[in-house]
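# Breakdown of the fold
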Amino acid sequence: MIAQSLITNNQAANNAHIQLLFNEPECCGMSIKDLSIHAKKKTILTVDELRFPKTGVVAIMGPSGSGKSTFLKAMSELMDENLTHKGDIDITCFDATNEPTSICSHFAMVWQKPTVFPCSIYDNLKVPLRKRKVARKEWRTLMVQALNDVGLMGELDEKWDKQRAQRLSGGQQQRLSIAMGLLKDSNIFLFDEPTSALDPISTDKIENIIKKLGKEKLVLLVTHSLGQARRVSDYSAMFHNHKDQGALCEFSSSESFFKSPASSQSREFIMKETGIQ
Ligand SMILES: Nc1ncnc2c1ncn2[C@@H]1O[C@H](COP(=O)(O)OP(=O)(O)OP(=O)(O)O)[C@@H](O)[C@H]1O
Ligand SMILES: [Mg+2]
């Protein structure tokens, strides 16, 4: 079912260590081939070949400017007009009976800075439900469920529906963004440094939600915290700066990544972060 350690030619030329762990359609949630992202005058990022699992948490790490955020934007097709991309990003979605389906609900994206709308919690949460054309009489039940799933319900006033979303703390707003993703019924969650501005307690709450999400969905988590990657991820992807552009240099299980990183860039990154040689 799982093919180990195939290294593609181009990536091998870049001294990359990419394990294509998910070969069978029933294992693979997303496959990327010959992806390159370009600004007007330069190539920002290249990824020759990469496969993500159907479920699980993938930590995406690497130095500043190596293209991690741009990569997530390309996945979610949220790139700004300055950027273009070439190559294939194939997504396989699965229905309730675990059969591949062409009907794929959208990505949910959680950014470094919370992005809630300047209106009530209820009005924020109704956006994805309305988009999905869920019957209005089901809205409140689904909203309460999502707020419970992200541990927010117990922290809100009795009249939570009228509470203004932007008056919540940063950590609570992040969890509200995740609740919106749940109501969108997204298969894939993209997180770009979601806890970098948060205190340890809020960070812990978000990490627990990410771990739970990874049991049923594919979660891509860009993080600068090796501790966070170690705590929550099943797989690790390492980007680096190569000849003035970003490139993927390693993808493997997090267990093997942290035990014995294969690429010199990962070893150096871990060494600099932890001070351990
Ligand atoms: N719209 C754009 N136009 C031109 N260049 C861009 C654009 N967006 C990003 N870049 C460039 O692409 C490179 C990668 O940027 P990106 O934000 O993806 O890095 P990152 O790995 O997320 O860094 P950080 O860890 O600091 O968040 C940078 O050199 C950046 O200046
Ligand atoms: Mg970034």
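Residues numbered from 1 in each chain as written. Chains lettered and ligands numbered in written order. Predicted model: local features only at pLDDT ≥ 70, side-chain atom pairs only at ≥ 80, totals over all residues.

## What to know about the overall build of the chain
Cut-off, in case you're wondering: Here a helix means four or more residues in a row that DSSP labels H or I, a strand means two or more in a row labelled E, and each is numbered from the N terminus. Residues with at least 20 neighbouring C-beta atoms inside 10 Å of their own are called buried, those with 12 or fewer are called exposed, and the rest are partly exposed, where every C-beta is derived from the backbone. The contact criterion used here is simple: two residues whose C-beta atoms, placed from the backbone, lie within 7 Å are in contact.
When helices and strands are counted, the chain shows nine helices and twelve strands. Expressed as a percentage of its 277 residues, the buried residues of the chain come to 41%. A fraction of 70% describes how many contacts in the chain between residues 6 or more apart in sequence connect residues 24 or more apart.

## A look at the confidence of the model for the chain
What counts here: The predictor attaches a confidence to each residue, called pLDDT, with possible values from 0 through 100.
Across the chain, the average pLDDT comes to 85, with 84% of residues at 70 or higher. Counted against residues more than four places away or in other chains, residues 1–13, with its pLDDT under 50, gives 20 contacts.

## Digging into the environment of Met-61
Mapped onto the fold, Met-61 is located in strand 4 (residues 56–61). A residue is classified by how many C-beta atoms lie within 10 Å of it, and Met-61, with 26 of them, is buried. Separated by 178 residues in the primary sequence, Met-61 and Phe-239 place their C-alpha atoms 6.2 Å from one another. Filtering out sequence-adjacent residues up to four positions away, Met-61 remains in contact with Thr-223, Ala-229, Ser-236, Met-238 and Phe-269.

## Things to note about the site of ligand 1
Threshold: In this analysis, residues qualify as near a molecule or strand once their C-beta atom, positioned from backbone atoms, comes within 6 Å of it. We call Asp, Glu, Lys and Arg charged. Ala, Val, Leu, Ile, Met, Phe, Trp, Tyr, Cys and Pro are nonpolar, and the rest, Gly among them, are polar.
The environment of ligand 1 is made up of 14 residues, and the closest members are Ala-39, Ser-64, Lys-68, Ser-69 and Thr-70. Per-element accounting of the shell around ligand 1 gives the leading share, three residues, to helix 2 (residues 68–75). Grouping the constituent residues of the shell around ligand 1 by class yields three nonpolar, nine polar and two charged.

## Some thoughts on the nonpolar core
The cut-off we apply is this: Think of a nonpolar core as buried Ala, Val, Leu, Ile, Met, Phe, Trp, Tyr and Cys residues chained together by C-beta atoms that fall within 7 Å. Domain boundaries shown here were taken from an automatic or database domain assignment.
Membership of the largest hydrophobic core comes to 62 residues, with the highest contact counts inside it found for Val-58, Ile-60, Ala-179, Val-219 and Leu-221. If one sorts the elements of this core by residue count, helix 5 (residues 170–183) sits on top with six residues. Counting only domains with at least three residues in this core, you end up with domain 1 (1–104 + 189–198 + 218–277) and domain 2 (109–186).

## A word on the packing of helix 3 (residues 121–131) against helix 4 (residues 139–149)
The condition is simple: Lines fitted to C-alpha atoms define the axes here, with helix axes fitted over just the stretch in contact, and angles between the N-to-C directions of these axes take values from 0 to 180 degrees. For this classification, under 35 degrees means roughly parallel, over 145 means roughly antiparallel, 65 to 115 means roughly perpendicular, and everything else is oblique.
Closest axis-to-axis distance for the helix 3/helix 4 pair is 10 Å, and the angle between their directions is 105 degrees. Taken together, the axes of helix 3 and helix 4 are roughly perpendicular relative to one another. Here helix 3 contributes Tyr-122, Leu-125, Lys-126 and Leu-129 to the contact with helix 4, which in turn contributes Trp-139, Leu-142, Met-143 and Ala-146. By residue class, the composition of the contact of helix 3 with helix 4 is seven nonpolar, no polar and one charged.

## As for the environment of Thr-115
By secondary structure assignment, the location of Thr-115 is in the loop between strand 8 (107–110) and helix 3. Taking C-alpha positions, Thr-115 is 9.8 Å from Gly-170, a pair spaced 55 residues apart along the chain.

## Considering unusual backbone geometry
In the Ramachandran plot, Asp-34 falls in the positive-phi region, its phi being about 50 degrees despite a non-glycine side chain. Looking at where Asp-34 falls in the secondary structure, it is placed in strand 2 (residues 28–38). Asp-34 sits in the partly exposed class, given 13 other C-beta atoms within 10 Å. Residue Lys-133 is not a glycine yet carries a positive backbone phi of 60 degrees.

## As for helix 2
Residues that lie three or four places apart on an α-helix share one face, since the helix turns once every 3.6 residues. The element helix 2 is extensively covered by neighbouring structure, given that six of its eight residues are classed as buried. Taken residue by residue, helix 2 has Lys-68, Thr-70, Phe-71, Leu-72, Ala-74 and Met-75 as its buried positions.

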